[in-house]
Amino acid sequence: DGGITQSPKYLFRKEGQNVTLSCEQNLNHDAMYWYRQDPGQGLRLIYYSQIVNDFQKGDIAEGYSVSREKKESFPLTVTSAQKNPTAFYLCASSIDNWFGTGNTEAFFGQGTRLTVV
Amino acid sequence: AQSVTQLDSHVSVSEGTPVLLRCNYSSSYSPSLFWYVQHPNKGLQLLLKYTSAATLVKGINGFEAEFKKSETSFHLTKPSAHMSDAAEYFCVVTLTDSWGKLQFGAGTQVVVTP
């Protein structure tokens, strides 16, 4: 079945530690995205990538880093510089980078819940 | 700039009664609008989308939404709520004339009582 796979489902991080969240898609989508979800705040864009070997900062990129070496993979690293990383992280993809063309939609993974311990 | 406001953070309905989730947007350009649903600790699933075709949009699971440009609204409705409709719902807007970065509303939590 085609889709987006995020792993792990739950992740615990110690203070000062970097952790990497995995996102893999087999939909052959060009564009991929990382969102952070906090209660009552909707989703906020961290990073996005429109094509392999290219990515752009979103609204809340500080303390995060990404790479896009393969079309199907877009891992997110939460660095020690992110002071409040406890949140639910969602990865998404779309056929291209134009959500508004009417012939594309965003597909979401099942999320990773990160907790600082 | 564009933004989206969901007017209710929580909605409680009885099973079998209508559901109304309200969404207003502001956009300088012709928007595309979406409703997504999220069940607890899950990803988001697309319910329906408006992209400048018919103003009344039908989605999955009996949901529909009407785009009203004069009111800058895109309210989501369902004639009869089911227990499985209990979830969080997000109204989303994006521009059509540039890279379509999604703007999410804060979400509406729907509770369905027997």
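Higher on the page you've got the structure.
Thresholds, definitions, all that
- Residues numbered from 1 in each chain as written.
- Chains lettered and ligands numbered in written order.
- Predicted model: local features only at pLDDT ≥ 70, side-chain atom pairs only at ≥ 80, totals over all residues.
- Heavy atoms only, no water.
- Helix = DSSP H or I, 4+ residues; strand = E, 2+ residues; numbered from the N terminus.
- Disulfide = S-S within 2.5 Å.
- Buried < 20%, exposed > 50% of the residue type's maximum accessible area, 1.4 Å probe, protein only.
- Contact = heavy atoms within 4.5 Å.

1. Description of the environment of Lys 69 of chain B
Then comes step 1: Among the secondary structure elements, Lys 69 of chain B is positioned in the loop between β8 (64–68) and β9 (73–78).
Then comes step 2: Between the C-alpha atom of Lys 69 of chain B and that of Pro 31 of chain B, which follows or precedes it by 38 residues, the distance is 9.8 Å.

2. A short note on the state of the cysteines
Then comes step 1: Applying the stated rule across the entire model yields 2 disulfides over all chains.
Then comes step 2: Note that Cys 23 of chain A is cross-linked by a disulfide to Cys 91 of chain A, the S-S spacing being 1.9 Å. Disulfide Cys 23 of chain A-Cys 91 of chain A: torsion about the S-S bond near -75°, hence left-handed. Residue Cys 23 of chain A is found in strand β3 (residues 19–25), and its partner Cys 91 of chain A is found in strand β9 (residues 87–94); the two are separated by 68 residues along the sequence. An identical accessibility class is assigned to Cys 23 of chain A and Cys 91 of chain A; each is buried.
Then comes step 3: In this model Cys 23 of chain B forms its disulfide with Cys 91 of chain B; the gap between the sulfur atoms is 2.0 Å. Taking the torsion about the sulfur-sulfur bond, which here is approximately -70°, the covalent link between Cys 23 of chain B and Cys 91 of chain B counts as left-handed. You can see Cys 23 of chain B sitting in strand β4 (residues 23–26) and its partner Cys 91 of chain B sitting in strand β10 (residues 87–95), a full 68 residues away along the chain.
Then comes step 4: Here Cys 23 of chain B falls in the buried class, since its relative accessible area comes to 0%.

3. Considerations on the environment of Gly 109 of chain A
Then comes step 1: Assignment of secondary structure puts Gly 109 of chain A in the loop between β10 (107–108) and β11 (112–116).
Then comes step 2: Taking the relative accessible area as the measure of exposure, Gly 109 of chain A reaches 0% and is therefore buried.
Then comes step 3: Distance in space between the C-alpha atoms of Gly 109 of chain A and Ala 92 of chain A is 6.1 Å, their sequence separation being 17 residues.
Then comes step 4: Leaving out residues up to four positions away in the same chain, Gly 109 of chain A has contacts with Ile 4, Gln 6, Leu 90 and Cys 91 of chain A together with Gly 43 and Leu 44 of chain B.

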